[in-house]
Amino acid sequence: MRNNLKYVVRFLVIVAVQVLLLKRIDLSYQNFNYIHIFIYPLFLLLLPFQWSKFLYLIIAFVLGLSVDLFYNSLGVHAFASVFIAFLRPYILRLIEPREGYNKDSTPTLFRMGFAWLFIYTSILVFIHHLVYFSMEVFSPQYPFEIILRTIFSFIVSLTTIMLVHFIFRPKS
Amino acid sequence: MRNLLLFLAKYGHFILFLVLEVICFSLIVKFNDSQKETWLNSVNLYTGRIQEQVNGVNNYLKLQQLNDSLSVENAQLLQQIIDFKVNTKHNAFQNFETLDTTIHTIIPSRVCDKTIRLRNNYFTLCKGEKHGIRKGMGVLSKDGIVGVVKSVSDHYSDVILLIHSQSRTSVSIKGKQYFGNLVWKTNDHTLMKMEAVPKYADVSLADTVVTSGYSTIFPQGVSVGKVESINAEQGGNNYEIDVRLFNDLELLEYVYVVGIDQGLEIKELYSTKKKSN
C-alpha cells in the first residue's frame, strides 16, 4: 500500500514538474525551436520489471492523457507513452544483463548501474520522442522537422532524466 | 474457452496496446486542430477518389430521373420565353389582328420509339392522353420544331415528324415577311425544302427559318433551321430553298408537346367555314 502511494506521489510530482515547469522553459533561439524537454517518460521507465503488461499500458495512457490535458494536445502524449509502455518489456528483454533481472526490482541507477541505465533510457526516450514528434507534426511532409526536433529534444531530455537519476537516486 | 484465455494472456496486452493507440489517435484527430485538418485532408485524398467513383455510378443510375426533372424545368422556362415573346407583340400583323396565341400547355416527354430512315417517319412519345397530350398538338425540342401529334392513346402518342412525306409546315424567314411551306423531299433527315417563296423575296444564305404562326399547331417564331441554298424553280415564280434543320431528330431524346390556347378554337372555326362553303 505504502509502495503504491509512492508511485501515486511520484506520478503527481513528475506530471507537475513536466506541465508546470518544463512546459514553460523556452529554449528556442530565433528560428531554432527544436528543443522541448520531456521527463515524464521517467515515470514509466521507473516502474518495476514484474508488473503486468496491461498495467503498464493503462498507466502510460493515463500519464499521457494527464500531460496532454495541460499541453492542449489531447492524445499526442498518450500515443507516445502508450507506445513506449508497449515496447518496454521487449526492450528490457533485448538488453537483459547476463544474470537476468531481479524480481520486484526496479530499473534504477542503484540497482542496474550507469551503463545499462543509460542504454535503457536512451532507447525508450528516443522512441518516445520520435513517436511524439511524428504525431505532433503529423505529416510526412516535414521529415526534417521531425528528425531535428527528435534529436535535439532527445539529447536535452535524456540529460535531464539522467540528472534526475543522479540527483534523487531513487532506490526503487 | 481455455484457448481463448490463453490467447488473451499471451496477446491481450498487444490488443490493449492497439486499442489504446487507436483511442489516442482518434483523440488526436478529434481535438487537435492542425492534426484534424491534416487527417481530414489526407483521408479525403484517398476516400475522395472512391467517393468519386461511387458518385459516378450513382449519377449514372440517377441520370434518367435527372433528365426528366431537367426536361420539366426546361418546359417551364420554355413556356416563359414563349409567353414573353407572344406578350411583347413585336409583330405588326399580330398587333393588327390581336391574334394572341398563347401557349397553355407544355408537356415534356421522352421519346420511346422513333423511325428516321423511312419515307414516313414517326416518333412515339412515352406520354399520352392521361398526361394532357391531344391530337394536333405541336412537338418541339430545344432546337426547334419536331412534328405534330397524330394520334394519342392513354399513355403513348404518335408524332408525325417534319421528315414525313405528308408533313407540311408554314414557316417564314426570320425578320422578313416571306412565308412558305416546309416539306421534306430529300433522304437527308436534316435537310428540308421551303417552297412557295416568291422570287422577289430578299432571302440570303444563313437566314434563319422560323415558324410563321399561321398554323394553329406551333407558336410563332420558333426556330426551325438555316437557309443552306437558294434555287430558282424551273419555269416558276418561286424559289426552292434548302433548309438545314437545327434539330438532329436522330439524336433527340426529349421533346416538348405544346398546346396553343386558341388552337382548337381556330381549327373548329376553319372546319365550320369549310362546311358552310
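Since this is a predicted model, take the numbers as computed values, not measurements.

## A word on the interface of chain B and chain A
Counting residues at the interface gives 19 residues for chain B, matched by 21 residues for chain A. For the pair chain B and chain A, the two sides together bury roughly 1,800 Å², of which 80% comes from carbon and sulfur. The interface formed by chain B and chain A holds zero salt bridges in total. Where chain B meets chain A, there are five residue pairs in polar contact (both at pLDDT 80 or more). Those elements that place two or more of their residues in the side of chain B that touches chain A are helix H1 (2-31) and helix H2 (33-88) of chain B. Top contributing element to the side of chain B that touches chain A by residue count: H1(B), with 15 residues. For the side of chain B that touches chain A, the residue count by class is 13 nonpolar, five polar and one charged.

## A short note on the state of the cysteines
All names here are of chain B. According to the stated counting rule, one finds one disulfide over all chains in the structure shown. Each disulfide pairs two cysteine sulfurs, and for Cys112 the partner residue is Cys126, the sulfurs being separated by 1.9 Å. With the S-S dihedral at roughly 130°, the linkage between Cys112 and Cys126 falls on the right-handed side. On the criterion of sequence distance, the pair formed by Cys112 in strand E1 (residues 103-114) and Cys126 in the loop between strand E2 (120-125) and strand E3 (138-140) is long-range, its members being 14 residues apart.

## Focus: the packing of aromatic side chains
Taken as a whole and assessed by the stated rule, the structure comprises 22 aromatic pairs over all chains. Ring plane angle 50° and centroid distance 6.3 Å describe the contact between Phe38(A) and Phe133(A), whose orientation is recorded as tilted. Pair noted here: Phe38(A) is in the loop between helix H1 (2-21) and helix H2 (41-45) and Phe133(A) is in helix H6 (residues 114-137), with a separation of 95 residues, a long-range link. The pair Phe38(A) / Phe133(A) is uniform in exposure class, with both members buried. Each ring, one from Phe7(B) and one from Tyr11(B), has its centre 5.3 Å from the other, and the planes form 50°; the classification is tilted. Of the two residues, Phe7(B) and Tyr11(B) both sit in helix H1, four residues apart, roughly one turn of that helix.

## Comments concerning helix H3 (residues 53-71) of chain A
Residues and elements named next belong to chain A. Over its 19 residues, H3 runs 27 Å from end to end, which matches the ideal 27 Å to within 8%, given 1.5 Å per residue. Those residues of H3 not exposed but buried are Tyr56, Leu57, Ile59, Ala60, Phe61, Leu63, Gly64, Ser66, Val67, Asp68 and Tyr71. Where H3 begins, the side chain of Ser52 points an oxygen toward the backbone nitrogen of Phe54, at a separation of 3.0 Å. Positioned one or two residues after H3, Asn72 has a phi angle of 55°, which is positive.

## Description of the side chain of His165(A)
Residues and elements named next belong to chain A. Counting through the fold element by element, His165 comes out in helix H7 (residues 143-168). In this structure His165 comes out as buried when scored by relative accessible area, which is 2%. In this view, His165 contacts Leu42, Leu46, Pro107, Thr108, Leu109, Leu117 and Pro170; residues no more than four positions away in its chain are not counted.

## Re the pattern of salt bridges
Residue and element names in this part refer to chain B. All chains considered together, the criterion is met by nine salt bridges over all chains. The shortest N-O distance in the salt bridge between Glu250 and Arg117 comes to 2.7 Å. Here Glu250 is found in the loop between strand E11 (238-245) and strand E12 (254-260), whereas its partner Arg117 is found in the loop between E1 and E2, with 133 residues between them in sequence. A residue is classified by how much of its surface remains accessible, and Glu250, at 34% relative accessible area, is partly exposed. A residue is classified by how much of its surface remains accessible, and Arg117, at 60% relative accessible area, is exposed.

## With respect to the sheet that holds strand E10 (residues 223-232) of chain B
All names here are of chain B. The sheet built from six strands closes into a barrel, its strands ordered E6-E7-E8-E11-E10-E9 with antiparallel pairing. Within this sheet the neighbouring strands show an average axis-to-axis angle of 40°, counted without direction. As paired strands, strand E7 (residues 179-183) and strand E8 (residues 191-198) are joined by three bridges and run antiparallel to one another. Bridging from a neighbouring strand, Leu182 pairs with Met194 of E8.

Each value, and the rule that gives it
Residues numbered from 1 in each chain as written. Chains lettered and ligands numbered in written order. Predicted model: local features only at pLDDT ≥ 70, side-chain atom pairs only at ≥ 80, totals over all residues. Heavy atoms only, no water. Contact = heavy atoms within 4.5 Å. Buried area = accessible area lost by both parts, 1.4 Å probe. Salt bridge = Lys/Arg side-chain N within 4 Å of Asp/Glu carboxyl O. Polar contact = N/O pair within 3.5 Å; in protein donor to acceptor, adjacent residues only side chain to side chain. Helix = DSSP H or I, 4+ residues; strand = E, 2+ residues; numbered from the N terminus. Nonpolar A, V, L, I, M, F, W, Y, C, P; charged D, E, K, R; others polar. Disulfide = S-S within 2.5 Å. Phe/Tyr/Trp six-rings, centres within 6.5 Å; stacked < 30°, edge-to-face > 60°. Buried < 20%, exposed > 50% of the residue type's maximum accessible area, 1.4 Å probe, protein only. Expected span 1.5 Å × (residues − 1). Pairing = 2+ DSSP bridges. Axes fitted to C-alpha atoms, helices over the stretch in contact; angles between N-to-C directions.

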